[in-house]
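Here are the chains, one letter per residue:
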Amino acid sequence: DAKTTQPPSMDCAEGRAANLPCNHSTISGNEYVYWYRQIHSQGPQYIIHGLKNNETNEMASLIITEDRKSSTLILPHATLRDTAVYYCIVSPMGTASKLTFGTGTRLQVTL
Amino acid sequence: ETGVTQSPTHLIKTRGQQVTLRCSSQSGHNTVSWYQQALGQGPQFIFQYYREEENGRGNFPPRFSGLQFPNYSSELNVNALELDDSALYLCASSTTVMNTEAFFGQGTRLTVV
């Protein structure tokens, strides 16, 4: 059974913020939220992860709700190069290379 | 560039044959994982190797086997190939078992005919 639910596809205009939602209502206390993306014909790329606090790095921001049942990945200024499949994954610490991927959200950034 | 290299990039095999895929992990990474990605699906975890020992396995039959060498490079072997084994095979390395980020290679596209 999938641990996360994501919309299958989203569109975003270049230069605008892309907000990708993820539901993980059955998340356990020791599970982190990881986000990866996969650009066509490449391997997945790590973006960010968090436990309960909001996180930000050079690529994106991760907003996790207080009850931890959902999260949002924010790409502040989307570019055409951000077109990819984005995967939201919940997994305990130390399992970052034993991940269970779902089918993700296909983000299309357009001019 | 993640520093993880896989070979070959593409290959075609016949049903029933055996195949070996190779992965060179990023320098300093002692943990390597293998994934299978069917068309239109997310990657599925096959197994992980840490310090040359298998350290976790997904729901794959024993004909999927692996090796990790002292230099931390790795092989994925698949015996008795089936048509459904056609997929992109991805290798990911990380610094240790207690890691927070995995670095993926570009993958090997296997076609079984």
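Procedures and definitions
- Residues numbered from 1 in each chain as written.
- Chains lettered and ligands numbered in written order.
- Predicted model: local features only at pLDDT ≥ 70, side-chain atom pairs only at ≥ 80, totals over all residues.
- Heavy atoms only, no water.
- Helix = DSSP H or I, 4+ residues; strand = E, 2+ residues; numbered from the N terminus.
- Contact = heavy atoms within 4.5 Å.
- Phe/Tyr/Trp six-rings, centres within 6.5 Å; stacked < 30°, edge-to-face > 60°.
- Buried < 20%, exposed > 50% of the residue type's maximum accessible area, 1.4 Å probe, protein only.
- Pairing = 2+ DSSP bridges.
- Salt bridge = Lys/Arg side-chain N within 4 Å of Asp/Glu carboxyl O.

(A) Main features of the environment of Q41(B). Counting through the fold element by element, Q41(B) comes out in the loop between β4 (31–37) and β5 (44–50). The sequence separation of Q41(B) and A87(B) amounts to 46 residues, and the corresponding C-alpha distance is 9.9 Å. When near neighbours in sequence (up to four residues on either side) are disregarded, Q41(B) contacts Y87(A) and T103(A).

(B) Expanded view of the packing of aromatic side chains. All names here are of chain A. Under the counting rule described, the total for this entry stands at 11 aromatic pairs over all chains. Taken together, a centroid distance of 5.7 Å and an interplanar angle of 75° make the contact between Y36 and Y46 edge-to-face. Highlighted residues: Y36 in strand β3 (residues 31–38) and Y46 in strand β4 (residues 45–50), separated in sequence by 10 residues. For Y46, a relative accessible area of 15% corresponds to the buried category. Plain terms: the ring middles of Y87 and F101 are 5.1 Å apart, the flat faces sit at 90° to each other, and that makes the pair edge-to-face.

(C) Representation of the sheet that holds strand β2 (residues 18–23) of chain A in the model. Residues and elements named next belong to chain A. Pairing is antiparallel across the open sheet formed by four strands, whose spatial order is β2-β7-β6-β5. Each having just a single partner strand, β2 and β5 (55–56) make up the two edges of the open sheet. Examined bridge by bridge, strand β6 (residues 61–64) and strand β7 (residues 70–75) share four bridges and lie antiparallel to one another. By the bridge assignment, I64 is partnered in β7 with S71.

(D) Representation of the pairing of β4(B). All names here are of chain B. Burial of β4 is extensive: seven of the seven residues sit out of reach of the surface. Covered by surrounding structure in β4 are T31, S33, Y35 and Q37 together with V32, W34 and Q36, the residues of both alternating faces. When β4 meets β5, the two strands line up antiparallel, connected through six bridges. Counterpart to Y35 in the pairing with β5 is F45. Adjacent in sequence and paired antiparallel, β4 and β5 are bridged by six residues, among which G40 carries a positive phi angle near 80°. One ladder, built from seven bridges, connects β4 with strand β9 (residues 87–94); its direction is antiparallel. The residue of β9 that forms the bridge with W34 is C91.

(E) Inspection of the pattern of salt bridges at higher detail. All names here are of chain B. Applying the stated criterion across every chain, the model contains six salt bridges over all chains. Residues E75 and R22 are paired through a salt bridge, measuring 3.5 Å at the closest nitrogen-oxygen approach. Separated by 53 residues along the polypeptide, E75 in strand β8 (residues 74–78) and R22 in strand β3 (residues 19–24) bring together distant segments of the chain. Ionic pairing is found between D85 and R63, a salt bridge with its closest N-O pair at 2.8 Å. With a gap of 22 residues between them, D85 in the loop between β8 and β9 and R63 in the loop between β6 (53–57) and β7 (64–68) connect regions that are remote in the sequence. Overall, D85 belongs to the buried group, its relative accessible area being 3%. For R63, a relative accessible area of 17% puts it in the buried group. One salt-bridge network, in which partners are shared between bridges, spans R63, E82 and D85.

(F) Summary view of unusual backbone geometry. The omega angle of the peptide bond from S7(B) to P8(B) is -10°, so this bond is cis rather than trans. Among the secondary structure elements, P8(B) is positioned in the loop between β1 (5–7) and β2 (10–13). Non-glycine residue S41(A) carries a positive phi angle of around 70°. With respect to the helices and strands, the residue S41(A) is situated in the loop between β3 and β4. Judged by its relative accessible area of 56%, S41(A) falls in the exposed class. In this model, E52(B) sits at a positive phi of 75°, which is unusual for a non-glycine residue. Tracing the chain through its elements places E52(B) in the loop between β5 and β6.

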